[in-house]
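Commentary on secondary and tertiary structure
Chain by chain, the residues:
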Amino acid sequence: MTTTAERVQRPDYAVTVPRWAFWVAHAVPLCVLPSGLWRLAMSVGIPVGFSDAVLRADYDLPGWGALYTIGLAVILEGLALLTLGLVYPWGEVVPRWMPLIGGRPVHRMAAVIPASIGAALITWISFSQLFLWGTVDATDLPLMGLTYAPVLAWGPLLAVATAAYFIRRGRGSPPLAEPMERP
């Protein structure tokens, strides 16, 4: 059991989040960041292990292919940042500025089901790609391997953060922020 001293203390929270869950949720975006930076570097033509000929012929980089790689980097980092909702009030009470639903509590399963499916899919995709690397000569891409290695932790960390959210919200405790009254 976590003691009060081990919990993250925030004056604006009605309930505290265990310190370990807080750090697990913050680790997720950091796990995705290196691969996103690698994609951004590749998109603007910085050598990241591929030859110029391969970048131009196979990926149209730099060029229109950059839209895909930059978009992918931004979307994946955005998805990883959603993990923070499992430890911050906006994951338990919809922010007031949101039209129609602002100020209403988030149903526990509305966060847990998508996060659980996401954790399973991310784990399956990242580990299946790891096994594909055994069939590719990746000796020319050590930087790619280093930047993608942290992604392997994304799914399991998301699963742990989701379980912590589920357990905390299932105890009948109030949300981290009280629901706001609608005008």
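In case you missed it, the structure is sitting above this.
In this section: the side chain of threonine 147. As for its position among the elements, threonine 147 is in helix H5 (residues 142-148). Ignoring anything within four residues of it in the chain, the contact list for threonine 147 reads Pro34, Ser35 and Trp38.

What follows is about the packing of aromatic side chains. Overall, the coordinates contain three aromatic pairs when judged by the stated rule. Among the aromatic side chains, those forming a connected cluster through ring pairs are Phe22, Trp23 and Tyr88.

We now examine the packing of helix H1 (residues 19-43) against helix H6 (residues 154-170). The contact between H1 and H6 brings their axes to 9 Å, and the two run at 150°. Taken together, the axes of H1 and H6 lie roughly antiparallel to each other. Here H1 runs over H6; the crossing is left-handed. Residues Trp20, Ala21, Val24, Ala27, Val28, Cys31 and Val32 of H1 lie in contact with H6, whose contacting residues are Trp154, Leu157, Leu158, Val160, Ala161 and Ala164.

The next subject is a nonpolar patch on the surface. Together, Met109, Ile113, Ile117, Leu121, Trp124, Ile125, Phe166 and Ile167 make up a nonpolar patch on the protein surface, roughly 770 Å² of accessible area in all. Secondary structure elements with two or more residues in the nonpolar patch: helix H4 (108-132) and H6. In terms of residue count, the dominant contributor to the nonpolar patch is H4 (six residues). As for its placement among the helices and strands, isoleucine 117 is situated in helix H4. Exposure remark for isoleucine 117: the relative accessible area of 48% places this residue in the partly exposed category.

Its 25 residues give H1 an end-to-end C-alpha distance of 37 Å, which sits within 8% of 36 Å, the value for a rise of 1.5 Å per residue. Of all the bends in H1, the greatest reaches close to 30° and is centred on leucine 33; the proline proline 34 follows between one and four positions later.

What follows is about unusual backbone geometry. We note that leucine 100 has phi near 70°; this positive angle belongs to a residue other than glycine. Tracing the backbone shows leucine 100 in the loop between helix H3 (65-81) and H4. On the basis of relative accessible area, leucine 100 is assigned to the exposed category, the value being 69%.

This part covers the packing of H1 against H3. Following both chains from N to C, one finds H1 and H3 inclined at 170°, their axes separated by 9 Å at the closest point. One way to sum up the angle between H1 and H3 is to call them roughly antiparallel. Across the interface between the two elements, Val28, Pro29, Val32, Leu33, Gly36, Arg39, Leu40, Met42 and Ser43 of H1 pack against Ala66, Thr69, Ile70, Leu72, Ala73, Leu76, Glu77, Ala80 and Leu81 of H3. Broken down by class, the residue content of the contact of H1 with H3 amounts to 13 nonpolar, three polar and two charged.

Thresholds, definitions, all that
Residues numbered from 1 in each chain as written. Predicted model: local features only at pLDDT ≥ 70, side-chain atom pairs only at ≥ 80, totals over all residues. Heavy atoms only, no water. Helix = DSSP H or I, 4+ residues; strand = E, 2+ residues; numbered from the N terminus. Contact = heavy atoms within 4.5 Å. Phe/Tyr/Trp six-rings, centres within 6.5 Å; stacked < 30°, edge-to-face > 60°. Axes fitted to C-alpha atoms, helices over the stretch in contact; angles between N-to-C directions. Parallel < 35°, antiparallel > 145°, perpendicular 65-115°, else oblique. Left-handed = near helix turned anticlockwise from the far one by under 90°. Patch = residues over 30% accessible without salt bridge, like charges linked within 9 Å, V, L, I, M, F, W, Y side chains within 5 Å. Areas by Shrake-Rupley, 256 points an atom, 1.4 Å probe, with all protein chains shown as cover. Salt bridge = Lys/Arg side-chain N within 4 Å of Asp/Glu carboxyl O. Buried < 20%, exposed > 50% of the residue type's maximum accessible area, 1.4 Å probe, protein only. Expected span 1.5 Å × (residues − 1). Bend = angle between axes of the 7 residues up to and from the residue. Nonpolar A, V, L, I, M, F, W, Y, C, P; charged D, E, K, R; others polar.

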